Every structure is written in C-alpha cells, then in structure tokens.
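If you want the building blocks of each chain, they are given just below.
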Amino acid sequence: MNGEILSGYHATDINNIELIKNNGFIESEASKGHWLGRGIYFFENLYYAVEWEIIGVIKHEVTDYEELTEKCGIIIADLDMENYKVLDLSEPQGYAIFEYLLKIIKENYPEEKYEYILSKGYAYAIKILEHLEIKKNKKYISKFDVICAAYPKNIKKRKTNLPGDFISCVQKQMCVKNPNAIKKVEELQHSDITKGIFNLVKKNRGEKND
C-alpha cells in the first residue's frame, strides 16, 4: 500500500461534518471497533462506512434511509501513503514488523502476563504497546503515521460455506496516527449510491449482527 494516495471513508455524526472540514479531525481513544489503537479511523470501502453509520454512530438498527441522512454523514479524505510511514498488517512485511513489536511486550512483562495479553487479541496488544510508549517515553507503534489491517467480515447473519479460492468481504481499516497524512477532506454527499449501499447493508445484516 505504500507509494500511493488512497481514499478513505470516515462515518460520523452529522454535527461533526463542518467541524472536521474547518478544523480537522480529533484523534479518538481506542474503544470498541477501534482495533488499531488511538487515531483517526477510515474504511477503504464505502460499504463499511455506511454500515458504521448504523452500528457505530446511531448505534441501533435503522430502517429508514432518511433517518440515516439526518443523523449521519461521511467524510472522504485523501490519505498520503507515499510520503508518510505506513505499517500494513495485511502484508507479510508489515506483519513481520508487528511480530517484532510483540517481542517488545514480551521483554517487558512476565511470561504469564505476556501469554494473557496475546490471548486477549492483537487489539489489546496494541493498547499495551501504547501504554509502554508512555511508560518508557519511546515510540513503538506510533513510529508509523498510518496503520492498516484487514479483517474478514461475515456480512450475512448466517455463514455460507461456499467453495472458492478467494476470501470475500474483507474489511480494510486505516488508523491515522499522524493527522498530517490526511490531505483533501470533503463531505460525501448522500446519493442513490449510498442509498443502494444502505439497502444492501440492511439486506445483509437482517437481524442485528455486529
């Protein structure tokens, strides 16, 4: 992913749109759904930004598209992957770097604690790395301006075990640690395209299925 300008989609409360356009983004603390630590989150695919409007911004199932457009908005931004340092965990080189970062955790915690951290998942490990940065006044994960990761996404309530050689429905998240890597910022206007995606999200989700 290095060496390119990539479009990213950021779903938010409609009241935040003008604030972001005029003053820039505010870095969020890691919470549920923020698996790459502190930063400003974008989706590579518009589908997941529309879905996040429902489950992350409104936080309840929405049946009416008009309600969505009244309460939520989407920012589209150019992310500079060419001039800033990117760690892409979906690539072999990026994952090798992450394995090195895990060794830093291992060096700073007893074996039992280290195994517990790993058992909690990589999102928790990244939180621990951020805690170590503060404790030791060093940069580990925050040496990178942008961190990317891909997650397999079961978009339907019921899994379908179809034969095939490809991985379908991968959600790519980009966590910007350095706001300077965010370039042109615009509001994405709701249109027939976003309405069509909204209807597809509703069809795929059926009952609640985060």
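No experiment lies behind these values; they were computed from the predicted model shown.

So, how was this worked out
Residues numbered from 1 in each chain as written. Predicted model: local features only at pLDDT ≥ 70, side-chain atom pairs only at ≥ 80, totals over all residues. Heavy atoms only, no water. Helix = DSSP H or I, 4+ residues; strand = E, 2+ residues; numbered from the N terminus. Rg over C-alpha atoms; globule rule 2.2 N^0.38 Å. Buried < 20%, exposed > 50% of the residue type's maximum accessible area, 1.4 Å probe, protein only. Areas by Shrake-Rupley, 256 points an atom, 1.4 Å probe, with all protein chains shown as cover. Lys, Arg positive; Asp, Glu negative; His and termini not counted. Charge placed at Lys NZ, Arg CZ, Asp CG, Glu CD. Phe/Tyr/Trp six-rings, centres within 6.5 Å; stacked < 30°, edge-to-face > 60°. Polar contact = N/O pair within 3.5 Å; in protein donor to acceptor, adjacent residues only side chain to side chain. Contact = heavy atoms within 4.5 Å. Salt bridge = Lys/Arg side-chain N within 4 Å of Asp/Glu carboxyl O. pLDDT = per-residue confidence, 0-100.

Moving on: the overall build of the protein. A count of helical and extended segments in the protein gives seven helices and seven strands. Against the globule reference of 17 Å for 210 residues, the protein gives a C-alpha radius of gyration of 18 Å, in line with a compact fold. Viewed in the frame of its principal axes, the protein has a C-alpha envelope of about 50 × 45 × 30 Å. The burial tally for the protein puts 43% of its 210 residues in the buried class. Working note: accessible area of the protein is about 12,100 Å², and carbon and sulfur atoms make up 50% of it. In the protein, the 30 positive side-chain charges and the 32 negative ones have mean positions that sit 6 Å from each other.

What follows covers the packing of aromatic side chains. Under the counting rule described, the total for this entry stands at ten aromatic pairs. A centroid spacing of 6.4 Å and a plane angle of 35 degrees characterise the contact between Tyr 95 and Phe 98, whose relative ring orientation is tilted. Residue Tyr 95 and its partner Phe 98 are both found in helix H4 (residues 92–108); the two are separated by three residues, about one turn of the helix. Seen from their ring centres, Phe 98 and Tyr 122 are 4.9 Å apart, and the 70 degrees between their planes marks the pair as edge-to-face. Taken together, the positions of Phe 98 in helix H4 and Tyr 122 in helix H6 (residues 122–136) put the pair 24 residues apart, joining distant regions of the chain. On the basis of relative accessible area, Tyr 122 is assigned to the partly exposed category, the value being 40%.

With that settled, the discussion passes to the side chain of His 10. Along the chain, His 10 falls in strand S1 (residues 5–13). A polar side-chain atom of His 10 sits 2.7 Å from the main-chain carbonyl oxygen of Tyr 41. Leave out the neighbours within four places in its chain, and His 10 touches Ile 20, Phe 25, Ile 40, Tyr 41, Phe 42, Gly 73, Ile 74 and Ile 75.

What follows deals with the pattern of salt bridges. Applying the stated criterion across every chain yields a total of seven salt bridges. Glu 51 is the partner of Arg 205 in a salt bridge, and the nearest nitrogen-oxygen pair spans 3.4 Å. In this pair, Arg 205 is assigned in helix H7 (residues 192–205) and Glu 51 in helix H2 (residues 46–58), connecting sequence segments 154 residues apart. One exposure class covers both Arg 205 and Glu 51, and it is buried. Between Lys 172 and Asp 88 there is a salt bridge whose closest N-O contact spans 3.4 Å. Taken as a pair, Lys 172 in strand S6 (residues 170–176) and Asp 88 in strand S4 (residues 86–88) lie far apart in primary sequence, 84 residues in all. For the pair shown, Lys 172 and Asp 88 are each scored as buried. One salt-bridge network, in which partners are shared between bridges, spans Arg 38, Glu 130 and Lys 177.

The subject of this paragraph is the environment of Ala 149. On the secondary structure map, Ala 149 appears in strand S5 (residues 146–152). Its relative accessible area of 5% is what places Ala 149 among the buried residues. Along the primary structure Ala 149 and Tyr 41 are separated by 108 residues, whereas in three dimensions their C-alpha atoms are 11 Å apart.

In low-pLDDT segments, the atomic positions of the prediction should not be examined closely. The predicted model of the protein averages 89 in pLDDT, with 90% of residues at 70 or higher. Across the protein, H4 holds the top mean pLDDT of 97, while helix H3 (residues 65–71) sits lowest at 92.

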